[in-house]
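Letter by letter, the chains look like this.
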Amino acid sequence: MTLMLKGSRVLVVGASTVAERVIPGLVDAGAEVIVCEGGDISPGIEGWAERGRIRLWRTPFTPAMLWGKRMVVVTDPDLLREVMVQSNLHGVLVDDATDGAAQHAQEFKGRRASRAGHLAGTVALVGGGPGHPDLITVEGRRLLRLADVVLADHLGPLSLLGELDPDVEIIDAAKLPYGRAMAQERINELLVDRASHGLFVVRLKGGDPYLFGRGFEELVALREAGIPVTEVPGISSAISVPASAGIPVTQRGVNHDFTIVSGHVPPGHPKSLVNWDALGKMNGTVAVIMGVKNGPKIADALVAAGRPADTPAAIIQEGTTENQRVLHCDLGTLGQTIVDREVKPPAVLIIGDVVALGR
């Protein structure tokens, strides 16, 4: 077999006398040869670099070096395994020039080696849906199975992580409501770092990444770093969780509006961006997510603004999962129901006449 390498960039890993035997043939074939070595460099290779026949990077191999290369030639047996893995992800040919010294290196096999090459060095922001693993989108599940790294939130469909290859790196970003959570800045750093090393990263989030999920902040950080991003919408818990309890958020002849509100900041708080007075004067359906802690204050604010206290309401805890719990009440007793029934996040609060349809 003869490879046509004229004008192609070829990376040579290692700068020993073994590499000296390989490089002349590549140069004669018209290849643009780049050698990387973080340790000792043979005199011959030093001389070729000084005369401009090759380029010499005096640094150890990193996956980012594979970008734009047609082939990589490995002369360092200690690096063969790593280079094989990374080259498969990038779709780069590998030539083992270790003279059999790396027979201990395991052949890299697995679906990601053959199916995710073009995704290497990119990030997918994937909405995991409301909780049940079957409610992630087809595209979201496909990309998750191709991931090299997964940064997962607590509310994502975590059971799907058990289907991944054992060498996939899983990073717990937590995001527990009012609990421990990885700082958003650190999440952004990890996404950029892993993708910059030529890995395909899936950011697995609960619900939809752009509905109170800070997905757009991650998108901006990745764009600023020059990382390509795939956006995969998810099914929002604000609609699907009430549906799982038999409650439609809209119904002909019942309501003509539907409002989704984040309840992580209570009414009256200086950082609140919700016009609770206006919301209390509306007649349509209100879905409150992240509102368990502030549920009592939210209910009081809506009643004080004019919403009737006997407006039907429901609390759906851990919706769509096997632990789903549905509690019916009305707006006036919503806060006390949360306290008395010891409701814990995640839960959706749904308020409006449509709730009566699901009793």
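Treat the numbers as computed from the prediction; the structure is a model and nothing was measured.

K.L.:
Please explain the packing of aromatic side chains as it appears in this structure.
P.N.:
Remark: the centre distance and the inter-plane angle together describe each pair of aromatic rings, the angle taken between the planes. In total, this model carries one aromatic pair according to the counting rule given. Aromatic side chains Tyr-210 and Phe-216 sit 6.2 Å apart centroid to centroid with 80 degrees between the ring planes, which places their arrangement in the edge-to-face category.

K.L.:
Where do I start with the pairing of strand S7 (residues 149-153) in this structure?
P.N.:
For a regular strand, the rule is simple: side chains alternate between the two faces of the sheet. Across the five residues of S7, five count as buried, placing the element largely inside the fold. Across four bridges, the pairing between S7 and strand S9 (residues 201-205) is parallel. Counted as the bridge partner of Leu-151 is Arg-203 from S9.

K.L.:
Could you clarify how one ought to interpret the sheet that holds strand S2 (residues 32-36) in this entry?
P.N.:
Hydrogen bonds between backbone groups are what pair the strands of a sheet, and the pairing can be parallel or antiparallel. The five strands lie next to each other as S3-S2-S1-S4-S5, forming an open sheet whose pairing is parallel. The open sheet has two edge strands, strand S3 (55-57) and strand S5 (93-96), and neither has a second partner. In this sheet, adjacent strand axes meet at a mean angle of 20 degrees when their direction is disregarded. Pairing geometry for strand S4 (residues 71-74) and S5, over four bridges, is parallel. Bridge pairing links Met-71 to Leu-93 in S5.

K.L.:
In this structure, what is going on with the sheet that holds strand S14 (residues 325-330)? I would like to understand it.
P.N.:
Reading across from one edge, S11-S12-S15-S13-S14 is the order of the five strands in this open sheet, with mixed pairing throughout. Every interior strand has two partners, whereas the edge strands, strand S11 (258-262) and S14, have only one. Each adjacent strand pair in this sheet contributes to an overall mean axis angle of 20 degrees, direction not counted. In the sheet, strand S12 (residues 285-289) pairs with strand S15 (residues 347-351) via four bridges, with the strands oriented antiparallel. Note on S15: the bridge partner recorded for Val-288 is Leu-349. On top of the sheet, helix H8 (residues 237-244) reaches S11, S12, strand S13 (312-317) and S15; it is set at about 80 degrees to S15, its chief contact.

Reading the values: the criteria
- Residues numbered from 1 in each chain as written.
- Predicted model: local features only at pLDDT ≥ 70, side-chain atom pairs only at ≥ 80, totals over all residues.
- Heavy atoms only, no water.
- Phe/Tyr/Trp six-rings, centres within 6.5 Å; stacked < 30°, edge-to-face > 60°.
- Buried < 20%, exposed > 50% of the residue type's maximum accessible area, 1.4 Å probe, protein only.
- Helix = DSSP H or I, 4+ residues; strand = E, 2+ residues; numbered from the N terminus.
- Pairing = 2+ DSSP bridges.
- Axes fitted to C-alpha atoms, helices over the stretch in contact; angles between N-to-C directions.
- Contact = heavy atoms within 4.5 Å.

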